[in-house]
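If you want the building blocks of each chain, they are given just below.
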Amino acid sequence: MNVRVRLFSIAKDLAKMEELQLNMKDGAHVSEIYQYLSAYNESFMDYKATFRFAVNEEYVPDDHTLQEGDEVAVIPPVSGG
């Protein structure tokens, strides 16, 4: 199945791209996207505890099951002021 992954802020900087298309096995979980990104650039591991994921504009846990055509946003830590 194909999913679109959008990267923001430090995630975009680490990946050196704003978005990518991933072909994943049926039943894949959001956590597998993080594994892919960490394999691409090990520095992603430094942010494991702080990145959040949103699927189709809703925050989801790491064990969320992905569906064909989902859009996954990798959300870095956000601070306000």
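Residues numbered from 1 in each chain as written. Predicted model: local features only at pLDDT ≥ 70, side-chain atom pairs only at ≥ 80, totals over all residues. Heavy atoms only, no water.

Peer 1: I'd like a description of the pairing of strand E3 (residues 52-55), backed by residues and values.
Peer 2: Taken together, the four bridges between E3 and strand E5 (residues 71-75) define a ladder with antiparallel strand orientation. Within E5, the residue paired with Phe-53 across the bridge is Val-74. As defined by bridge partners, E3 adjoins strand E4 (residues 58-60) across three bridges and the pair is classed as antiparallel. Along E4, the bridge assignment pairs Ala-54 with Tyr-59. In sequence, E3 turns back onto E4 through a hairpin of two residues, with Asn-56 there showing a positive phi of about 50 degrees. (Pairing = 2+ DSSP bridges. Helix = DSSP H or I, 4+ residues; strand = E, 2+ residues; numbered from the N terminus.)

Peer 1: Just give me the short version of the environment of Ser-31, but keep the residues and values in it.
Peer 2: Turning to its location among the elements, Ser-31 is positioned in helix H2 (residues 30-40). Classification of Ser-31 by relative accessible area gives partly exposed; the value is 26%. On a C-alpha basis, the gap between Ser-31 and Glu-19 in space is 17 Å, while along the polypeptide they are 12 residues apart. (Buried < 20%, exposed > 50% of the residue type's maximum accessible area, 1.4 Å probe, protein only.)

Peer 1: Residue-level account of the sheet that holds E3, with values.
Peer 2: If you trace the five strands from one edge of the open sheet to the other, you get E2-E1-E5-E3-E4, paired in mixed fashion. Edge strands, defined here as strands with exactly one partner in the open sheet, are strand E2 (19-23) and E4. Ignoring which end each strand starts from, the neighbouring axes of this sheet average 30 degrees apart. (Axes fitted to C-alpha atoms, helices over the stretch in contact; angles between N-to-C directions.)

Peer 1: Could you give an account of the packing of aromatic side chains, naming the residues involved and the relevant values?
Peer 2: For the structure on display, the rule yields four aromatic pairs. Plain terms: the ring middles of Tyr-34 and Phe-53 are 6.3 Å apart, the flat faces sit at 90 degrees to each other, and that makes the pair edge-to-face. Of the two residues, Tyr-34 sits in helix H2 while Phe-53 sits in strand E3, which places them 19 residues apart along the sequence. Each member of the pair, Tyr-34 together with Phe-53, is buried. Each ring, one from Phe-44 and one from Phe-51, has its centre 5.9 Å from the other, and the planes form 45 degrees; the classification is tilted. When sorted by exposure, Phe-44 lands in the same class as Phe-51, which is buried. Three or more aromatic residues joined by ring pairs form one cluster here, namely Tyr-34, Phe-44, Tyr-47, Phe-51 and Phe-53. The ring centre of Tyr-59 lies 4.4 Å from the NZ or CZ of Arg-52, which sits over that ring. (Phe/Tyr/Trp six-rings, centres within 6.5 Å; stacked < 30°, edge-to-face > 60°. Lys NZ or Arg CZ within 6 Å of the ring centre and 35° of its normal.)

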